[in-house]
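# Inside the fold
Residue strings, one per chain:
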Amino acid sequence: MVARSQRERALDAAVDVVAEKGYAATTVADLTKEAGISRTTFYEMFPDKEACFLAAYDAAADVLARRVAAAFETEAVWPARARAGLEALLGSLADEPAIARLALVDFGAAGPAAQRRYRAALLRMTPLFDEGRDFAPEGRRLPPNTSRMAIGAVVGLIADEIAAGRTEQLPGLLPEILFATLSPYLGPEAATRGVSEER
Amino acid sequence: MPRTPSTNGDASPSRAKELDELIEQEQLPAGRDDLAEPPVAHSQRERLLVAVAKTTAEKGYGATTIGDVCTEAGVSRATFYELFKDKEDCFHAAMELSLADAMGSIVAVYSPDKPWATMVRDAAAAFLELLASRPTFARMAMIEAPASGERAFQLYASGKRVLQSLLERGREDPVEEEAIPTTAARAALAGAESLIVGQILSGNTARLPELLPDIVYITTLPYLGQEEALRQAREAEREHPAADR
């Protein structure tokens with residue numbers, strides 16, 4: 001159990017130090033100091049800084065994906081499901097700005113392996129979006145990459161806010177995020193109505 | 001449900017001039033005249049720009065050294081330092097060249113007489129063709145640059161702002177006033193960007209033009225409505241059939 005908690009401390013340290021210094025400037029020494037573990041212990045767990053960063057990224061993405069999926073399941077109809085899932089996503093990111101930065105901004109500086117992880121994490125949201133295709137009257141006529149683009153739009157808006165230092169205000173962005181989610185499937189008019197509807 | 005299609009957009013002759021002004025406001029480099037041709041690496045400077053694009057595309061910006069760039073270009077280190085201050089300076093110059101070409105490809109199809117939706121179709125087609133024909137520069141500009149430091153990131157961001165302003169012209173079309181969020185153009189571009197980046201990362205840069213109907217759909221949708229955006233996507237498909245690409 002000791003090994004596990006040291007691993008967790010290392011992952012938490014990766015999130016905090018990278019959020020503070022940026023990925024490129026972070027050293028293994030920073031991580032061991034922040035985590036309160038020895039260099040030897042660090043290298044028993046991770047071959048290098050990148051491996052620790054990727055493990056921290058996977059852990060953060062897992063937590064986010066589980067929260068979004070759980071909120072999504074609390075509703076029955078797709079637009080309401082999407083709203084609940086996105087609300088949970090924005091709330092989680094706002095509560096933990098360091099994780100938000102790691103998950104959506106800093107990945108890019110960590111090289112191709114991190115980029116592939118990042119895209120794989122995003123694509124985990126695909127089923128949530130693909131339901132929109134089944135729900136939409138025009139679903140079968142929509143372009144093949146509609147869900148990929150909708151996810152890209154949502155993530156792009158969120159990443160811009162985080163990069164601008166407005167992570168804690170993310171929940172206020174729900175109307176714009178919801179419009180970006182609903183409109184590719186339902187069209188802008190129906191999406192505008194869906195955004196203004198009370199739950 | 002469908003809105004009034006954008007049949008003639010804003011026919012003001014000042015549009016092309018406005019585009020130039022936008023590019024100037026963003027302080028983007030001017031376009032080149034030889035767009036149809038890939039950059040011919042005559043000078044040592046050009047060879048270094050091609051080489052920095054190639055090595056960063058292969059190894060990533062962080063892992064690329066000046067030695068790698070010089071070896072690839074067949075240029076001495078001394079010459080490198082006569083032309084550029086450091087790796088970042090060289091990369092930034094290559095990025096400026098790419099952006100000039102990208103903006104040039106859009107300026108080339110931009111005409112005051114064209115309806116807005118036609119302009120979006122033509123600009124998207126030209127941009128995808130350009131990326132597909134220069135896979136090395138595509139990877140550098142779309143994947144390495146945004147992550148390689150503040151200056152290149154700012155250059156990338158200003159290119160996106162020009163495209164965003166072009167899209168927002170869609171608002172000027174005579175459609176009924178809708179509560180479309182002000183973020184709609186930025187969101188649509190982020191969707192298109194994500195699709196393009198995914199395609200490049202998966203090694204399918206040459207097939208980027210196949211994404212044209214998807215990209216035309218997502219970028220015209222907020223302003224033209226779903227029915228008309230689907231029609232624009234079909235129109236793009238018809239003008240640029242996949243078989244030709």
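Thresholds applied
Per-chain numbering applies: the sequence of each chain, read as written, is numbered from 1 onward. Chain A is the first chain written and ligand 1 is the first ligand written, with later ones labelled in order. A pLDDT threshold of at least 70 governs which residues receive local features in this predicted model, and a stricter bar of 80 or more applies before side-chain atom pairs are shown or counted, although totals over entire chains, interfaces and linings include all residues. Where helices and strands are cited, they refer to DSSP runs of H or I of at least four residues and of E of at least two residues respectively, numbered from the N terminus. With C-beta atoms placed from the backbone, a contact is any residue pair whose C-beta atoms sit within 7 Å. Partly exposed residues are those whose C-beta has more than 12 but fewer than 20 other C-beta atoms within 10 Å; 20 or more makes a residue buried and 12 or fewer makes it exposed, with C-beta atoms placed from the backbone. Simply put, an axis is a line fit to the C-alpha atoms, just over the touching stretch for a helix, and the angle between two N-to-C directions goes from 0 to 180 degrees. Each angle receives one of four descriptions, namely roughly parallel if under 35 degrees, roughly antiparallel if over 145, roughly perpendicular if within 65 to 115, and oblique otherwise. Helix crossings are classified by the rotation of the near helix relative to the far one: an anticlockwise turn of less than a right angle makes the crossing left-handed, while a clockwise turn makes it right-handed. Under the grouping applied here, Gly and all other residues not named as nonpolar or charged are polar, the nonpolar ones being Ala, Val, Leu, Ile, Met, Phe, Trp, Tyr, Cys and Pro and the charged ones Asp, Glu, Lys and Arg. Known as pLDDT, the predictor's confidence for each residue is given on a scale from 0 to 100. For this entry, the nonpolar core is defined as buried Ala, Val, Leu, Ile, Met, Phe, Trp, Tyr and Cys residues connected by C-beta atoms within 7 Å. Multiplying one less than the number of residues by 1.5 Å gives the expected span of a helix.

### Concerning the overall build of chain A
Helix and strand counts for chain A come out as 11 helices and 0 strands. Counting only C-alpha atoms, chain A reaches 60 × 30 × 30 Å along its principal axes. Long-range pairs, those at least 24 residues apart, make up 64% of the contacts in chain A between residues at least 6 apart in sequence.

### Some remarks on the overall build of chain B
When you go through chain B residue by residue, the secondary structure sums to 11 helices and 0 strands. If you list the helices and strands of chain B from N to C, you get α-α-α-α-α-α-α-α-α-α-α. Here chain B holds 245 residues, and 48% of them are scored as buried. Considering only residue pairs separated by 6 or more positions, chain B has 74% of its internal contacts joining residues 24 or more positions apart.

### Points about the packing of helix 8 (residues 150-168) of chain B against helix 9 (residues 184-201) of chain B
All names here are of chain B. One can describe the packing of helix 8 onto helix 9 by two numbers: an axis separation of 9 Å at closest approach and a directional angle of 120°. Taken together, helix 8 and helix 9 sit at an angle that is classed as oblique. Viewed along their axes, helix 8 and helix 9 form a crossing whose handedness is right-handed. Contacts from Lys160, Leu163, Gln164, Leu167 and Glu168 of helix 8 reach helix 9 at Ala185, Arg186, Ala188 and Leu189. Here the contact of helix 8 with helix 9 is built from residues that sort into 5 nonpolar, 1 polar and 3 charged.

### Concerning the confidence of the model for chain B
A low pLDDT means the predicted coordinates there should not be read in detail. Residue and element names in this part refer to chain B. Looking at chain B, the pLDDT average stands at 82 and 78% of residues meet or exceed 70. Considering only residues more than four positions removed or in separate chains, one finds that residues 1-14, a stretch of pLDDT under 50, has 34 contacts. A low-confidence stretch, residues 32-40 (pLDDT under 50), is modelled with 12 contacts involving residues beyond four sequence positions or located in other chains.

### Regarding the nonpolar core
Counting 134 residues, the largest nonpolar core has Ala14(A) and Ala188(B) as the members making the most contacts within it. In terms of residues, this core owes the most to one element, helix 6 (residues 116-133) of chain B, which gives 13 residues. Every residue in contact with Ala188(B), bar those within four places of it in the chain, is listed here: Ala153(A), Leu167(B), Ile218(B), Thr219(B), Leu221(B) and Pro222(B).

### Section: helix 7 (residues 135-144) of chain B
Residue and element names in this part refer to chain B. Taken across its 10 residues, helix 7 has 9 buried, putting it largely inside the fold. Those residues of helix 7 lying buried are Thr136, Phe137, Ala138, Arg139, Met140, Ala141, Met142, Ile143 and Glu144. Lining the buried residues of helix 7 we find helix 2 (44-59), helix 5 (87-109), helix 6 and helix 9.

### A few points about the packing of helix 2 of chain B against helix 5 of chain B
All names here are of chain B. It is the contact of helix 2 with helix 5, at a shortest axis distance of 9 Å, that shows an interaxial angle of 100°. With respect to helix 5, the axis of helix 2 lies roughly perpendicular. Contact with helix 2, carried on its side by Leu48, Leu49, Val52, Ala53 and Thr56, involves Cys90, Phe91, Ala93, Ala94 and Leu97 of helix 5 and no other residues of that element.

### Here's the deal with the environment of Glu20(A)
Note on placement: Glu20(A) falls in helix 1 (residues 2-21). Since 13 C-beta atoms lie within 10 Å of it, Glu20(A) is described here as partly exposed.

### Some words on the interface of chain B and chain A
If you look at the interface, chain B gives 32 residues, while chain A gives 31 residues. Every element with two or more residues in the side of chain B that touches chain A is listed here: helix 9, helix 10 (212-224) and helix 11 (226-239) of chain B. Of all the elements, helix 9 of chain B adds the most residues to the side of chain B that touches chain A, at 11 residues. Partitioning the side of chain B that touches chain A into residue classes produces 20 nonpolar, 8 polar and 4 charged.

### Some thoughts on the environment of Lys59(B)
Residues and elements named next belong to chain B. Mapped onto the elements, lysine 59 comes out in helix 2. The partly exposed category is assigned to lysine 59, around which 15 C-beta atoms lie within 10 Å. Expressed as a C-alpha distance, the spacing of lysine 59 and leucine 230, which sit 171 residues apart in the sequence, is 40 Å.

### Considering the environment of Val75(B)
Residue and element names in this part refer to chain B. Looking at the element boundaries, valine 75 is found in the loop between helix 3 (66-73) and helix 4 (77-83). Taking the C-alpha atoms as reference, valine 75 lies 9.9 Å from alanine 51; in sequence the two are 24 residues apart. Not counting residues within four places of it along the chain, the set of residues in contact with valine 75 comprises Gln44, Arg47, Leu48, Cys70 and Phe80.

### Description of helix 4 (residues 49-72) of chain A
Over its 24 residues, helix 4 of chain A extends 34 Å from the first C-alpha to the last, a length consistent with the 34 Å expected when each residue adds 1.5 Å. Restricting attention to buried positions, one finds in helix 4 of chain A the residues Lys49(A), Cys52(A), Phe53(A), Leu54(A), Ala56(A), Tyr57(A), Ala60(A), Ala61(A), Leu64(A), Val68(A) and Phe72(A).

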